[in-house]
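Each chain, written out:
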Amino acid sequence: NAGVTQTPKFQVLKTGQSMTLQCAQDMNHEYMSWYRQDPGMGLRLIHYSVGAGITDQGEVPNGYNVSRSTTEDFPLRLLSAAPSQTSVYFCASSKPGYGYTFGSGTRLTVV
Amino acid sequence: AQSVAQPEDQVNVAEGNPLTVKCTYSVSGNPYLFWYVQYPNRGLQFLLKYITGDNLVKGSYGFEAEFNKSQTSFHLKKPSALVSDSALYFCAVRGSGAGSYQLTFGKGTKLSVIP
(Lines give C-alpha, C1' and ligand atoms only; values in the text may rest on other atoms or scores of the structure.)
Protein backbone atom coordinates (compact mmCIF):
# COMPACT_ATOMS: atom_id res chain seq x y z
CA ASN A 1 0.00 0.00 0.00
CA ALA A 2 1.88 3.05 -1.28
CA GLY A 3 -0.38 5.75 0.23
CA VAL A 4 0.28 9.16 -1.34
CA THR A 5 3.13 9.35 -3.86
CA GLN A 6 4.63 12.65 -4.96
CA THR A 7 7.12 13.21 -7.74
CA PRO A 8 9.65 14.67 -8.13
CA LYS A 9 11.20 15.02 -4.67
CA PHE A 10 13.41 17.93 -5.72
CA GLN A 11 13.22 20.38 -8.59
CA VAL A 12 15.03 23.54 -9.65
CA LEU A 13 13.30 25.80 -12.16
CA LYS A 14 14.23 29.01 -13.87
CA THR A 15 11.86 31.95 -13.59
CA GLY A 16 9.16 31.66 -16.23
CA GLN A 17 9.42 27.92 -16.72
CA SER A 18 6.41 25.69 -16.24
CA MET A 19 6.19 22.28 -14.65
CA THR A 20 3.80 19.77 -13.15
CA LEU A 21 4.07 18.25 -9.70
CA GLN A 22 2.56 14.80 -9.68
CA CYS A 23 0.45 13.30 -6.88
CA ALA A 24 -1.17 9.88 -6.81
CA GLN A 25 -3.00 7.98 -4.07
CA ASP A 26 -4.11 4.36 -4.00
CA MET A 27 -6.54 4.52 -1.07
CA ASN A 28 -9.64 5.50 -3.06
CA HIS A 29 -9.87 8.76 -1.12
CA GLU A 30 -12.42 11.28 -2.34
CA TYR A 31 -10.59 14.34 -1.15
CA MET A 32 -7.18 15.49 -2.33
CA SER A 33 -5.37 18.73 -1.73
CA TRP A 34 -2.14 20.61 -2.28
CA TYR A 35 -0.39 22.62 0.39
CA ARG A 36 2.74 24.70 0.38
CA GLN A 37 4.94 24.99 3.45
CA ASP A 38 7.05 28.05 4.08
CA PRO A 39 9.07 28.84 7.22
CA GLY A 40 6.92 30.43 9.93
CA MET A 41 3.77 30.17 7.79
CA GLY A 42 2.63 26.64 8.50
CA LEU A 43 0.88 24.84 5.66
CA ARG A 44 -1.31 26.87 3.35
CA LEU A 45 -3.91 25.33 1.09
CA ILE A 46 -3.39 25.94 -2.63
CA HIS A 47 -6.15 23.90 -4.32
CA TYR A 48 -8.34 21.00 -3.38
CA SER A 49 -10.68 18.48 -4.94
CA VAL A 50 -13.66 16.63 -3.46
CA GLY A 51 -13.84 14.13 -6.29
CA ALA A 52 -13.03 13.45 -9.92
CA GLY A 53 -13.92 16.44 -12.07
CA ILE A 54 -14.34 18.80 -9.10
CA THR A 55 -11.68 21.26 -7.98
CA ASP A 56 -11.66 24.49 -6.02
CA GLN A 57 -9.28 27.16 -4.82
CA GLY A 58 -7.74 27.30 -1.41
CA GLU A 59 -6.00 30.12 0.40
CA VAL A 60 -3.13 30.75 -2.05
CA PRO A 61 -4.18 29.60 -5.56
CA ASN A 62 -2.56 32.26 -7.76
CA GLY A 63 0.00 30.91 -10.20
CA TYR A 64 -1.18 27.32 -9.87
CA ASN A 65 -3.63 25.12 -11.77
CA VAL A 66 -5.03 21.70 -10.93
CA SER A 67 -7.22 19.08 -12.52
CA ARG A 68 -8.76 15.84 -11.26
CA SER A 69 -9.54 13.51 -14.13
CA THR A 70 -9.35 10.36 -11.98
CA THR A 71 -9.85 9.59 -8.29
CA GLU A 72 -6.18 8.59 -7.99
CA ASP A 73 -4.34 11.55 -9.53
CA PHE A 74 -4.22 15.24 -8.65
CA PRO A 75 -1.40 17.07 -10.48
CA LEU A 76 -0.39 20.63 -9.64
CA ARG A 77 0.77 22.83 -12.49
CA LEU A 78 2.96 25.88 -12.17
CA LEU A 79 2.19 27.99 -15.21
CA SER A 80 5.12 30.44 -15.11
CA ALA A 81 7.38 29.86 -12.14
CA ALA A 82 8.36 32.79 -9.92
CA PRO A 83 10.90 32.95 -7.06
CA SER A 84 7.95 33.45 -4.66
CA GLN A 85 6.91 29.90 -5.48
CA THR A 86 10.07 28.51 -3.94
CA SER A 87 8.64 26.25 -1.25
CA VAL A 88 8.01 22.71 -0.15
CA TYR A 89 4.81 21.30 -1.63
CA PHE A 90 2.74 18.58 -0.02
CA CYS A 91 -0.09 16.60 -1.49
CA ALA A 92 -2.62 15.01 0.85
CA SER A 93 -5.69 12.82 0.61
CA SER A 94 -8.54 12.00 2.93
CA LYS A 95 -11.95 10.42 3.28
CA PRO A 96 -14.87 11.64 5.42
CA GLY A 97 -14.24 11.52 9.17
CA TYR A 98 -10.55 10.77 8.85
CA GLY A 99 -7.33 12.71 8.98
CA TYR A 100 -5.16 13.37 6.00
CA THR A 101 -2.43 11.16 4.58
CA PHE A 102 0.45 13.24 3.29
CA GLY A 103 2.99 12.62 0.59
CA SER A 104 6.68 13.05 1.32
CA GLY A 105 6.83 16.45 -0.37
CA THR A 106 8.47 18.18 -3.31
CA ARG A 107 11.14 20.77 -2.59
CA LEU A 108 10.98 23.37 -5.35
CA THR A 109 13.50 26.12 -5.94
CA VAL A 110 12.86 28.83 -8.53
CA VAL A 111 15.92 30.83 -9.53
CA ALA B 1 -13.69 30.80 8.46
CA GLN B 2 -11.85 28.22 10.50
CA SER B 3 -8.51 28.93 12.10
CA VAL B 4 -5.87 27.46 14.40
CA ALA B 5 -3.52 29.27 16.75
CA GLN B 6 -0.34 27.80 18.14
CA PRO B 7 0.82 30.58 20.46
CA GLU B 8 4.38 29.30 20.93
CA ASP B 9 6.83 29.24 18.05
CA GLN B 10 9.22 27.15 20.15
CA VAL B 11 8.98 25.02 23.27
CA ASN B 12 12.06 23.81 25.15
CA VAL B 13 11.82 21.02 27.67
CA ALA B 14 14.33 18.87 29.50
CA GLU B 15 14.43 15.17 28.72
CA GLY B 16 12.21 13.25 31.14
CA ASN B 17 10.03 16.24 31.95
CA PRO B 18 6.40 16.50 30.85
CA LEU B 19 5.72 18.54 27.73
CA THR B 20 2.76 20.53 26.48
CA VAL B 21 2.29 22.09 23.07
CA LYS B 22 -0.65 24.46 22.98
CA CYS B 23 -3.37 24.79 20.34
CA THR B 24 -6.62 26.73 20.16
CA TYR B 25 -9.07 26.64 17.30
CA SER B 26 -12.09 28.29 15.74
CA VAL B 27 -14.57 26.45 13.52
CA SER B 28 -18.28 26.38 12.82
CA GLY B 29 -20.04 23.47 14.46
CA ASN B 30 -18.27 20.53 16.03
CA PRO B 31 -14.56 20.26 15.31
CA TYR B 32 -12.42 17.47 14.03
CA LEU B 33 -8.95 18.11 15.51
CA PHE B 34 -5.59 16.66 14.58
CA TRP B 35 -1.95 16.76 15.57
CA TYR B 36 0.83 16.06 13.09
CA VAL B 37 4.58 15.88 13.57
CA GLN B 38 7.26 16.74 11.05
CA TYR B 39 10.88 15.67 11.40
CA PRO B 40 13.56 17.59 9.47
CA ASN B 41 13.28 17.18 5.70
CA ARG B 42 10.36 14.79 6.06
CA GLY B 43 6.64 14.83 5.40
CA LEU B 44 3.92 15.14 8.02
CA GLN B 45 3.11 12.17 10.20
CA PHE B 46 -0.26 11.73 11.88
CA LEU B 47 -0.10 11.63 15.70
CA LEU B 48 -3.69 11.65 16.89
CA LYS B 49 -7.16 12.97 16.27
CA TYR B 50 -10.31 13.98 18.11
CA ILE B 51 -13.57 13.27 16.32
CA THR B 52 -16.02 12.66 19.15
CA GLY B 53 -16.22 10.93 22.53
CA ASP B 54 -13.61 10.99 25.26
CA ASN B 55 -11.94 14.36 25.70
CA LEU B 56 -8.55 12.73 26.30
CA VAL B 57 -7.22 11.24 23.12
CA LYS B 58 -4.22 8.91 23.03
CA GLY B 59 -1.99 8.72 19.98
CA SER B 60 1.30 7.50 18.64
CA TYR B 61 4.67 7.57 20.47
CA GLY B 62 3.08 8.13 23.90
CA PHE B 63 1.45 11.44 22.99
CA GLU B 64 -2.01 12.44 24.10
CA ALA B 65 -4.20 15.49 23.66
CA GLU B 66 -7.00 16.97 25.70
CA PHE B 67 -10.03 18.44 23.97
CA ASN B 68 -11.61 21.32 25.88
CA LYS B 69 -14.74 22.58 24.17
CA SER B 70 -15.32 25.59 26.46
CA GLN B 71 -11.78 26.84 25.93
CA THR B 72 -11.69 25.73 22.28
CA SER B 73 -8.34 24.11 22.94
CA PHE B 74 -6.61 20.89 21.98
CA HIS B 75 -3.25 20.83 23.72
CA LEU B 76 -0.73 18.10 22.98
CA LYS B 77 0.92 16.44 25.96
CA LYS B 78 3.42 13.78 26.86
CA PRO B 79 4.29 12.71 30.41
CA SER B 80 8.02 12.24 29.81
CA ALA B 81 9.81 13.87 26.88
CA LEU B 82 12.47 12.12 24.81
CA VAL B 83 15.25 13.74 22.79
CA SER B 84 13.79 11.95 19.77
CA ASP B 85 10.55 13.94 20.22
CA SER B 86 12.36 17.05 18.98
CA ALA B 87 10.47 18.07 15.84
CA LEU B 88 7.94 20.51 14.41
CA TYR B 89 4.36 19.96 15.59
CA PHE B 90 1.25 21.11 13.78
CA CYS B 91 -2.29 21.34 15.09
CA ALA B 92 -5.10 21.27 12.52
CA VAL B 93 -8.90 21.60 12.44
CA ARG B 94 -11.70 20.81 10.05
CA GLY B 95 -15.45 21.06 10.40
CA SER B 96 -17.61 17.99 10.95
CA GLY B 97 -20.36 18.93 8.51
CA ALA B 98 -21.00 17.03 5.30
CA GLY B 99 -18.44 18.07 2.73
CA SER B 100 -16.23 19.80 5.32
CA TYR B 101 -12.95 18.49 4.02
CA GLN B 102 -10.69 21.50 4.29
CA LEU B 103 -8.01 21.11 6.94
CA THR B 104 -6.59 24.32 8.36
CA PHE B 105 -3.19 24.22 10.06
CA GLY B 106 -1.54 26.29 12.71
CA LYS B 107 1.88 27.78 11.99
CA GLY B 108 3.63 25.04 13.92
CA THR B 109 5.57 24.77 17.18
CA LYS B 110 9.18 23.65 17.24
CA LEU B 111 9.78 21.33 20.15
CA SER B 112 13.32 20.95 21.42
CA VAL B 113 14.00 18.33 24.07
CA ILE B 114 17.27 19.03 25.84
CA PRO B 115 19.32 16.06 27.06
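Residues numbered from 1 in each chain as written. Chains lettered and ligands numbered in written order. Predicted model: local features only at pLDDT ≥ 70, side-chain atom pairs only at ≥ 80, totals over all residues. Heavy atoms only, no water.

1. Points about the overall build of chain A
Inference 1: For chain A, the count of helices and strands is 0 helices and 11 strands.
Inference 2: Here chain A has a C-alpha radius of gyration of 13 Å; the compact-globule value for 111 residues is 13 Å, and the two agree.
Inference 3: For chain A, the spread of C-alpha atoms along the three principal axes comes to 40 × 25 × 25 Å.
Inference 4: By sequence separation, contacts in chain A at least 24 residues apart represent 52% of the contacts at least 6 residues apart.
Inference 5: Here chain A holds 8 positive side-chain charges and 7 negative ones, and the gap between their average locations is 10 Å. (Helix = DSSP H or I, 4+ residues; strand = E, 2+ residues; numbered from the N terminus. Rg over C-alpha atoms; globule rule 2.2 N^0.38 Å. Contact = heavy atoms within 4.5 Å. Lys, Arg positive; Asp, Glu negative; His and termini not counted. Charge placed at Lys NZ, Arg CZ, Asp CG, Glu CD.)

2. Side note on the nonpolar core
Residue and element names in this part refer to chain B.
Inference 1: Counting residues in each nonpolar core, the largest one holds 27 residues, and the members touching the most others are Trp35, Leu47, Leu48, Phe74, Leu76 and Tyr89.
Inference 2: Every element with two or more residues in this core is listed here: strand E2 (10–14), strand E3 (19–21), strand E5 (31–38), strand E6 (44–50), strand E8 (64–68), strand E9 (73–78), strand E10 (87–95) and strand E12 (109–114).
Inference 3: At 4 residues, E10 tops the list of elements feeding residues into this core. (Core = buried A, V, L, I, M, F, W, Y, C linked by side-chain atoms within 4.5 Å. Buried < 20%, exposed > 50% of the residue type's maximum accessible area, 1.4 Å probe, protein only.)

3. Things to note about the sheet that holds strand E8 (residues 76–78) of chain A
Residue and element names in this part refer to chain A.
Inference 1: Taken in spatial order, the 4 strands of this open sheet run E1-E3-E8-E7, and their pairing is antiparallel. The open sheet has two edge strands, strand E1 (4–7) and strand E7 (64–66), and neither has a second partner. When the angles between neighbouring strand axes are averaged without regard to direction, this sheet yields 20 degrees.
Inference 2: Pairing between E1 and strand E3 (residues 19–25): 4 bridges, direction antiparallel. Counted as the bridge partner of Thr5 is Ala24 from E3. (Pairing = 2+ DSSP bridges. Axes fitted to C-alpha atoms, helices over the stretch in contact; angles between N-to-C directions.)

4. Re the packing of aromatic side chains
The geometry of two aromatic rings is summed up by the distance between their centres and the angle between their planes.
All names here are of chain A.
Inference 1: Within the structure shown, the criterion is met by 18 aromatic pairs over all chains.
Inference 2: Aromatic pair Tyr100 and Phe102: ring centres 6.2 Å apart, planes at 35 degrees, arrangement tilted.
Inference 3: Overall, the relative accessible area of 9% leaves Phe102 in the buried class.
Inference 4: Above the ring of Phe74, the side-chain terminus of Arg68 is found at 6.0 Å from the ring centroid. (Phe/Tyr/Trp six-rings, centres within 6.5 Å; stacked < 30°, edge-to-face > 60°. Lys NZ or Arg CZ within 6 Å of the ring centre and 35° of its normal.)

5. Some remarks on the interface of chain B and chain A
By a frequent convention, interface size equals the accessible area lost on bringing the separate parts together.
Inference 1: With 19 residues of chain B at the interface, the matching set in chain A holds 23 residues.
Inference 2: Between chain B and chain A, a total of about 1,600 Å² is buried, with carbon and sulfur atoms accounting for 55% of that surface.
Inference 3: Scanning the region where chain B abuts chain A turns up 0 salt bridges.
Inference 4: Every element with two or more residues in the side of chain B that touches chain A is listed here: E5, E6 and E10 of chain B.
Inference 5: A total of 4 residues in the side of chain B that touches chain A trace back to one element, the largest contributor, which is E5 of chain B.
Inference 6: The residue inventory of the side of chain B that touches chain A, partitioned by class, reads 10 nonpolar, 5 polar and 4 charged. (Buried area = accessible area lost by both parts, 1.4 Å probe. Salt bridge = Lys/Arg side-chain N within 4 Å of Asp/Glu carboxyl O. Nonpolar A, V, L, I, M, F, W, Y, C, P; charged D, E, K, R; others polar.)

6. Digging into the side chain of Ser33 of chain A
All names here are of chain A.
Inference 1: Relative to the helices and strands, Ser33 is located in strand E4 (residues 31–38).
Inference 2: Residue classification places Ser33 among the buried residues on the basis of a relative accessible area of 0%.
Inference 3: Among residues more than four places away in sequence, those in contact with Ser33 are Leu45, His47, Tyr48, Phe74, Phe90, Cys91, Ala92 and Tyr100.

7. Description of unusual backbone geometry
Inference 1: For the peptide bond that leads from Thr7 of chain A to Pro8 of chain A, omega is -5 degrees, which places it in the cis range.
Inference 2: In this structure, Pro8 of chain A sits in the loop between E1 and strand E2 (10–13).
Inference 3: Even without a glycine there, the phi angle at Thr72 of chain B is positive, about 45 degrees.
Inference 4: Within the fold, Thr72 of chain B resides in the loop between E8 and E9.
Inference 5: Of the residues examined, Thr72 of chain B reaches a relative accessible area of 30% and is grouped as partly exposed.

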